[in-house]
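If you want the building blocks of each chain, they are given just below.
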Amino acid sequence: MPVDNVSDRMIEQIKRLAEKIDESTRLVVLTGAGVSTDSGIPDFRSQSGTYSRWDSSRVFDIDYFHRDPEYFFNYAREELYNFDAIEPNPVHYFLAELEKSGKLKAVITQNIDMLHQRAGSRTVYELHGSIQDAHCLKCGKYYEYNTMHELVFREAVPVCACGGIIKPDIVFFGESLPEMAINAAYNISSQTDLFITMGTSLVVYPAASLPVIAKENGAQLIIINREATPMDRAADFIVQAELRDIVHQISQF
Ligand code: OAD
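Residues numbered from 1 in each chain as written. Predicted model: local features only at pLDDT ≥ 70, side-chain atom pairs only at ≥ 80, totals over all residues. Heavy atoms only, no water.

Colleague: What's the story with the packing of aromatic side chains in this structure? I'm lost.
Modeller: How two aromatic rings sit relative to each other is given by the distance of their centres and the angle of their planes. With the rule as written, the count across this model stands at 15 aromatic pairs. Look at F44 and F60: their rings are 5.9 Å apart centre to centre, the planes differ by 70°, and that puts the pair in the edge-to-face class. Highlighted residues: F44 in the loop between β1 (27–31) and α2 (62–67) and F60 in the loop between β1 and α2, separated in sequence by 16 residues. You can call F60 buried: its relative accessible area is 6%. Taken together through their ring pairs, the aromatic side chains of F44, Y51, W54, F60, Y64, F65, Y71, F72, F73, Y75 and F172 make up a single cluster. It is R16 that lies over the ring of F237; its NZ or CZ is 4.2 Å from the centre. (Phe/Tyr/Trp six-rings, centres within 6.5 Å; stacked < 30°, edge-to-face > 60°. Helix = DSSP H or I, 4+ residues; strand = E, 2+ residues; numbered from the N terminus. Buried < 20%, exposed > 50% of the residue type's maximum accessible area, 1.4 Å probe, protein only. Lys NZ or Arg CZ within 6 Å of the ring centre and 35° of its normal.)

Here is the structure:
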């Protein structure tokens, strides 16, 4: 049964999307913060996104972090270290099911929230790292999420026994992406027959170059997002809607 806020035109688009997924044998999906908003995690660039509260030029900037790590940890305390209260949503489960069925070969994500894995996805390339792990910037000592959670709420800036600052393994602007993840992402993007982006503004590189690589290697490109992206013109078609409505509706086809 159609959901209330899905128009007939949208239903046609979702039907077309379902057909494309059905025809694909090597599907790859690139996700962004928009897949986790229904879990209660804000995205970055929407009106009520993280960057409406925190300065985008400071919060994830590695040079700024070295000068004033407290700014990042104030943000982290308020918005990041509460993931134990957050659950995967139907979009994460939908992708995990597609992988189980053998159709989806990988999720490439810019998200650091581990929700794809918690929903059951197994092949997940985390381009921007993960909140799961943290390391001391001086001695390299490893800290896992729970310890880090405790430290973040106890200290203004978590500090290792050696005196070094402990930083979660999130990729900040100015840092390199995890080599294994980005290489695997490039590789699989060049081999897919259908590349779908979901809930990303496609403005951050190199993640935003992956749809282009997929297209150049013969894949079809579908962009699913609540609003327009700079890459819409390169897409074979776009679906502009709420992800939860799409996932709900697609199960009807
Ligand atoms: P953005 O906030 O830039 O984009 C998220 C997109 O998802 C927006 O265009 C929203 O309109 C859309 N969106 C949000 N909720 C949605 C929903 N329920 N259904 C459909 N669309 C929805 O987030 P990303 O593209 O992920 O980097 O941002 C990329 C990177 O920029 C992030 O990984 C982060 C940030 O700086 C780092 O932290 C290094």
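Colleague: How should the domain arrangement of the protein be read in this particular structure?
Modeller: How big an interface is tends to be stated in terms of the accessible area lost upon association of its parts. Examined at the domain level, the protein breaks down into domain 1 (1–41 + 88–128 + 177–253) and domain 2 (43–85 + 131–170). Domain 1 and domain 2 are separated by 27 Å when their C-alpha centres are compared. Of the residues lining the interface, 14 residues belong to domain 1; the matching set on domain 2 comes to ten residues. The contact between domain 1 and domain 2 buries some 920 Å² in all, and 62% of this surface belongs to carbon and sulfur atoms. (Domains from an automatic or database assignment. Contact = heavy atoms within 4.5 Å. Buried area = accessible area lost by both parts, 1.4 Å probe.)

Colleague: Even after reading the chapter, I still don't get the side chain of K167, so can you show me in this structure?
Modeller: With respect to the helices, strands and loops of the structure, K167 is situated in strand β6 (residues 166–170). From its side chain, K167 meets the backbone oxygen of I170 in a polar contact 2.8 Å long. Each residue touching K167, except ones within four places of it in the same chain, is listed here: I62, F65, A134, H135, L137, F172 and E175. (Polar contact = N/O pair within 3.5 Å; in protein donor to acceptor, adjacent residues only side chain to side chain.)

Colleague: Whenever I open this one, the sheet that holds strand β5 (residues 142–144) confuses me. Can you help?
Modeller: Adjacent strands of a sheet pair through backbone hydrogen bonds, lying either parallel or antiparallel. Strand order across the open sheet formed by three strands is β5-β4-β6, with antiparallel pairing between neighbours. Two strands bound the open sheet, and with one partner strand each, they are β5 and β6. Taken over all neighbouring pairs, the strand axes of this sheet differ in orientation by 35° on average, direction set aside. The strands touched by helix α3 (residues 69–80) within the sheet are β4 (129–136) and β6, with β6 carrying the most contacts at an inclination of about 60°. (Pairing = 2+ DSSP bridges. Axes fitted to C-alpha atoms, helices over the stretch in contact; angles between N-to-C directions.)

Colleague: Looking at this model, I keep getting lost on the environment of Y75. Mind explaining?
Modeller: Checked against the element boundaries, Y75 lands in helix α3. Between the C-alpha atom of Y75 and that of F60, which follows or precedes it by 15 residues, the distance is 10.0 Å. Setting aside anything within four residues of it in sequence, one finds Y75 in contact with F44, T50, W54, V59, F60 and L80.

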